[in-house]
Amino acid sequence: QVQLVESGGGLVQAGGSLRLSCAVSGRTFSTYQMGWFRQAPGKEREFVGRISWSGGYAYIGDSMKGRVTISRDNAKNTVYLQMNSLKPEDTAIYYCAARNTGNDFNLWGQGTQVTVSS
């Protein structure tokens, strides 16, 4: 059984930064990728970025490109989403997810709320 638990959300002012964490428990595999998504009120879920568990190769989507980085600490079984230059439009619930090669992101955390004030 694999569980994903997000943390690090909160209230920040516009222009500020937050680092979200995704702690992974249970068995994982070197072929897995970890992803970050977000969903704002009344909007569809949106892809933020992903990182390969073994090699740390990261890909950032267009929505937050240039303002976020994704990293992982294998020893801590944790993936991070560093967010900078935050805008009120970034207010959303941020989710951590996982997938194996060839599959959709089918393992999800409970989400953590990020609120950016103007």
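Residues numbered from 1 in each chain as written. Predicted model: local features only at pLDDT ≥ 70, side-chain atom pairs only at ≥ 80, totals over all residues. Heavy atoms only, no water.

*Asks:* Can you break down the nonpolar core residue by residue, with the values?
*Replies:* Formed by 27 residues in total, the largest nonpolar core has its most connected members in Cys22, Met34, Trp36, Val79, Leu81, Met83 and Tyr94. Broken down by secondary-structure element, the contributors of at least two residues to this core are strand 3 (18-25), strand 4 (33-39), strand 5 (46-52), strand 7 (68-73), strand 8 (78-83), strand 9 (92-99) and strand 11 (112-117). Once residues within four sequence positions are removed from consideration, Met83 is found in contact with Gly16, Ser17, Leu18, Leu20, Met64, Arg67, Val68, Tyr94 and Val114. (Core = buried A, V, L, I, M, F, W, Y, C linked by side-chain atoms within 4.5 Å. Buried < 20%, exposed > 50% of the residue type's maximum accessible area, 1.4 Å probe, protein only. Helix = DSSP H or I, 4+ residues; strand = E, 2+ residues; numbered from the N terminus. Contact = heavy atoms within 4.5 Å.)

*Asks:* So what's going on with the pattern of salt bridges? Which residues, and what values?
*Replies:* Going through the model one piece at a time under the given rule, you end up with three salt bridges. Notably, a salt bridge pairs Glu46 with Arg38, separated by 2.8 Å at the nearest N-O pair. Glu46 gets classed as partly exposed once you look at its relative accessible area, which sits at 31%. Note that Arg38 and Asp90 form a salt bridge whose closest N and O atoms lie 2.8 Å from each other. Placement of the pair is Arg38 in strand 4 and Asp90 in the loop between strand 8 and strand 9, with a sequence separation of 52 residues. Take Asp90: its relative accessible area is 1%, and that puts it in the buried class. Via salt bridges that share partners, Arg38, Glu46, Arg67 and Asp90 belong to a single interconnected network. (Salt bridge = Lys/Arg side-chain N within 4 Å of Asp/Glu carboxyl O.)

These figures come from the coordinates and say nothing about function on their own.
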